[in-house]
Amino acid sequence: MRWLTGWCTGAPRPGAPAHEPPGAVAPIAARTLWTGPDPLWAVGDWRPEEIRLATLRPGAAAVVTTGATAPDPFEASPATLRLAVLGHCGATDAELAAGLAAARGGAVRHLTGWPGSYTVVLRSGTRSTVLLTDLAGARPVFHTPWGDGTAYATAALPLADLVGAPLDTGHLAARLACPEAPEALGTGTPYLGVRRVPPGHALAVRGGRPYLTGYDGPGAEGVPGRGEAAAVRELTRALLESVRFRVRTSPAGPAPLPAGPSGRARLGVDLSYGTASATVALLAAAVPPAAGPAGPAGPAGAVAPYPSGPYRAVPAQTGPPPEESGSGSDATPGSGSGSAPGSAGPARTGAVKGSWARAAARPRTASEPVAAVTFGEATGTAPAVPVLAPDVPRLRRTVLAPGPDTLPYADLRADPTAGPLTDEPGPELVTAAWAEARFGAGGTDHLTGHGARQVLDGHPARLADLVRAGRSRELLSPVAALAGADRAAAGVLTGALRTPLTVLRAAHRLARIRYPDALDDAAVRLTLRRTPDGAGTAGARSADDLAWVVPGPAARWLSDEALSAVALRLRLAAREPAPGDNPGAYRARHALHRHARGFRTLVHATEQPGQRLHAPFLDNQVVRAARLLPDEVRLQPGARHALLHAVLAGAGRTDLPPDWGRGPRPDRALAVRAGLRLAADGLAELFDAPLLAEAGLIDLPAVRAALDRAADPAAPLSPAALAGLADLVATELWLRRVRARRHGACWTGLPHPVHPALSPPRLS
C-alpha cells in the first residue's frame, strides 16, 4: 500500500523554540518530500515518475523535479509555494509550473484537470496546506487532530495508528446498513476520530486547523438542450487521453521493456465479458507505446523527462506515420499494427479529432504486445471475448482456467488473518483470490474497466429528475424497456400493467417528497426491517431504488441496536439543509463514490508488488465529461453499450457490429454459491464467535441460518442476499486482521500504547 502523509502544526507553545518538531515521530521507510515543522512524506513502493515536485520562489521561475530528489531545505518565507503531485499525472513540467503560478491567487480546480489519477498537495508559505481529493473517491484524503495541529494522509489506517484511534462501531453499522447514504456515513471512517474528506473537496489546513471546501460542483449534468454529439465527443477525448497517457508512460529505465520486473508484460488489460474492459483494451491496443530517449541512458534510477512542450489539437489520422512500422499496410484500425516503411498507408496513432497530442514527435518503437486476461467458463471452454475485441493482433489473450483456489471465499479455507490488511473493509476481500489470479497474469501496468457502469449508466433515481424537469414523456422508453423485460420473466400482466404503474408511481413520489420526510421514512423502514430483498423483477428493483436513501443488502442481518443507531443518524441528518441537486444525480454520484471505495480496497488487497492497477473511467476528466451526457441519453435501454460503441467509433474503431456488447454475460452467482459451499466449514468457524456479534452489530442466529441456506445448493438465494453475506464476511475478516495487527507498525518514535479496559460498544 502506497500512501502520503504529513501534518501541519498550530501556534507554538509558550516558551517552546521556533519550529520545534513534534518529537521524533516519522513514518517507517518513508521518503521525505518536504522538511521543516510541517513535513511531507511518501511511504511505499512509489515509482520515480509518480512523484513530481514543483517550487516557486519570489523572483524566480518554478523548478519542477521528478523522482527521488533531495528535499529542499526549509524556508520560513511566506511567499514560497510548493506543489507535490503523487500518482499518475499527465501534466507536463510547463503545465505544473503554470498551475502552481495560478494557484497563488487561491484557485485550485485547475490542478485537478490533468489526465490520470493523482493526489495534489499545495503548500503556501509556512502555515497553509491544501490537499485535493478526486471526484470519484478513488484518491481519498483523511485527517485527524494530533498534537497542536492536524495530521493528514491518503490512508486512514496510518492515522489511526498514529493517534491510537479505536474502531468506530457506529460507522461500521452505517456501512453495512446504508453503504451509499452520506447521511448515515457522514465524513467518518472505521477509526474513531479519523475523518474523510468528501470527494470533490479540498482540505485546507491553516494554523493547524482543518477546513473543508468544495472545489467542483455537480456540474451541468442533465441540462436540456445540451447536444448528445458534443457530449460523446468530449467523452471520447477524455477517455482516449486517459488510456493513451497510461500506455505511453514508461516505467523507470532508459526505454519501455517488453516485460516488467517480474517477468510479466509491461501492459495488461481485462477482457472480462464487459464492454467497459473491452473498450479500454481496444483503446490501449490502438495507442503505440512511447519510446525511450534517443541518447544514452543517464545515471542509475534516472527517468526520461516529461515533455515540456505545448499541446496542440491534431485531426484524426487514417494510418500510421512512416516511423510506426508494423506488419502490413492493410492493418485494421485499432489493431496496433501499421504499414511497412515506404508503404502508402500510415498507421493510426490513437489520436482523434479534438484530442491532444504532443507537438514534438518522438521516434516510436515497434508495437509491443498487450496481455489480455480473462477467465474461462465453468466448463473449461474459452469465453467468447473475441466478439468484444475482434481482429486485434496486438492483444495476447490469456484464458485462465477457473478452479477452487479462485472461487469467492477461497481465503477462508486457510488462515483468515493471513490475508492482506486493507485500509477499510469491503466485499472485494471475499473475491480477492479471483482478482489476484487475474491481475497476476496481467501486465505491470494493468488497465481495467472499473467505474464505467457508475459513470455512464442512468441510475433509476434519474427518472425522478425527468419528472421534476417536466419531461415525463421521456420516461416512456426506459419504462417500456423494464416492462418488456418483466413481461418475458414474469408474464404479460406484470410486464404490461404492474411494472409501469409501480415504476411511474415511485418516480413521481421521489420527485415530490421533501428531503427531510424522505430521511424520516427511511429511518422508519430501517427500524422496522423493511429492506428490499432484491428478489423481484427488474421493474420492482428499479422502483426500490427510487428513494433518497436505500438500505444496503446486509441491513436485514443487523441487530436492532445497530439499526436504531443508524436510523438516529438519518433523523439527525434530516435537520440539515437539503442537497442542492436532484435526487437522481445525487444518488448516482454517491453510487460512484461507493464503487470507487471498493476499487481502492481491491487495489490494496490484490495489487502485486511493483504492479499498478488503473481505472481510467474514474479519472477526473472522464467523470467531468460523462456529466455532460443528458439524462434522456443515459436512461435509454443499452445506453452504456451504445456510448462505448460511439467512443470506439470516434477513436477509429468503425468495424464493430451494431449490437456490440449486448450479448448475455455469465452468471457470477453460480461461482459465489460454489465458493460458499466449499468454504462452509471456514465460515462456520469464522462466525462461531464473531467480532461483529461481540460489538453488537449483527443478529448472529439469523446470520448463521443465512450461511447454512447459502451452502445448500437447492435453497434459493437472491443476488442481494449474496451481496449482503459478502459484506458481512468481508467486515468480519477485516476486523480479525485489524485485531491481529501490531500497534505502531507504520511509525517510529511513537510512545508505547496504553491498553484501556474493555468498554461497551459505541454505536452512535
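Residues numbered from 1 in each chain as written. Predicted model: local features only at pLDDT ≥ 70, side-chain atom pairs only at ≥ 80, totals over all residues. Heavy atoms only, no water.

## Observations regarding the sheet that holds strand 4 (residues 40-43)
- Pairing is antiparallel across the open sheet formed by 6 strands, whose spatial order is 3-4-1-11-10-12. Looking at which strands have only one partner, the edges of the open sheet turn out to be strand 3 (30-34) and strand 12 (195-196).
- Direction of pairing for strand 10 (residues 142-146) relative to strand 12: antiparallel, over a ladder of 2 bridges. Counterpart to H143 in the pairing with strand 12 is R195.
- Packing against the sheet, helix 2 (residues 156-163) makes contact with strand 1 (3-8), strand 10 and strand 11 (149-153), and its axis sits at approximately 10 degrees to strand 10. (Pairing = 2+ DSSP bridges. Helix = DSSP H or I, 4+ residues; strand = E, 2+ residues; numbered from the N terminus. Contact = heavy atoms within 4.5 Å. Axes fitted to C-alpha atoms, helices over the stretch in contact; angles between N-to-C directions.)

## Description of helix 11 (residues 492-512)
- Helix length check: helix 11, at 21 residues, gives a terminal C-alpha distance of 30 Å against a target of 30 Å (1.5 Å per residue), a fit within 8%.
- At R498, helix 11 shows its maximal bend, which comes to roughly 40 degrees, and the proline P500 appears one to four places after that position.
- Inspection of helix 11 places T494, G495, T499, P500, V503, A506, A507, L510 and A511 among the buried residues, and these make up the whole buried set.
- Where helix 11 is buried, its residues touch helix 9 (462-468), helix 10 (476-490), helix 13 (538-545) and helix 15 (583-606). (Expected span 1.5 Å × (residues − 1). Bend = angle between axes of the 7 residues up to and from the residue. Buried < 20%, exposed > 50% of the residue type's maximum accessible area, 1.4 Å probe, protein only.)

## Some remarks on the pattern of salt bridges
- Tallying each qualifying case throughout the model produces 33 salt bridges.
- Among the ionic pairs, E424 bridges to R196, the shortest N-O distance being 2.4 Å. Placement of E424 in the loop between strand 19 (395-400) and helix 7 (432-440) and of R196 in strand 12 is noted, with a sequence separation of 228 residues between them.
- Look at E424 and you get buried, because its relative accessible area is 2%.
- Here the residues in one salt-bridge network are R2, D45, E50, E607 and R612, joined through shared partners. (Salt bridge = Lys/Arg side-chain N within 4 Å of Asp/Glu carboxyl O.)

## Focus: the packing of helix 5 (residues 228-248) against helix 6 (residues 275-286)
- Packing of helix 5 against helix 6 brings their axes to within 9 Å, and their N-to-C directions diverge by 60 degrees. Relative to helix 6, helix 5 is oriented oblique. Judged by the twist between their axes, the crossing of helix 5 over helix 6 is right-handed. Only T279, V280, L283 and A284 of helix 6 make contact with helix 5, whose side of the interface consists of L239, L240, V243 and V247.
- In the contact of helix 5 with helix 6, the residues fall into 7 nonpolar, 1 polar and no charged. (Parallel < 35°, antiparallel > 145°, perpendicular 65-115°, else oblique. Left-handed = near helix turned anticlockwise from the far one by under 90°. Nonpolar A, V, L, I, M, F, W, Y, C, P; charged D, E, K, R; others polar.)

## Things to note about the pairing of strand 5 (residues 51-56)
- Within strand 5, 6 of the 6 residues are buried, which leaves it mostly tucked inside the rest of the structure.
- The alternating pattern of strand 5 places I51, L53 and T55 on one face and R52, A54 and L56 on the opposite face, and all of these are buried.
- Note that strand 5 and strand 7 (residues 81-89) share 6 bridges and pair antiparallel. Opposite L53, over in strand 7, you have A84 as the bridge partner.
- Here 4 bridges tie strand 5 to strand 6 (residues 63-66), and the two strands are oriented antiparallel to one another.

## Looking at the packing of helix 7 against helix 15
- One can describe the packing of helix 7 onto helix 15 by two numbers: an axis separation of 9 Å at closest approach and a directional angle of 70 degrees. Looking at the two axes, helix 7 sits roughly perpendicular to helix 15. Between helix 7, through A432, A435, E436 and F439, and helix 15, the contact on the second element is made entirely by L602, A605 and T606.
- Looking at the contact of helix 7 with helix 15, its residues break down into 5 nonpolar, 1 polar and 1 charged.

## Description of the packing of aromatic side chains
- All chains considered together, the criterion is met by 8 aromatic pairs.
- When the centroid spacing of 4.6 Å and the interplanar angle of 45 degrees are considered together, the rings of W7 and W146 count as tilted. Linking W7 in strand 1 with W146 in strand 10, this pair joins segments that are 139 residues apart in sequence.
- Judged by its relative accessible area of 18%, W146 falls in the buried class.
- An aromatic cluster of at least three residues, connected via ring pairs, comprises W3, W7, W41, W146 and W747.
- The ring of W434 carries R438 above its face, with NZ or CZ at 4.3 Å from the centroid.
- Over the ring of W557 we find R556, and its NZ or CZ is 5.2 Å from the ring centre. (Phe/Tyr/Trp six-rings, centres within 6.5 Å; stacked < 30°, edge-to-face > 60°. Lys NZ or Arg CZ within 6 Å of the ring centre and 35° of its normal.)

Nothing here speaks to function; it is geometry throughout.
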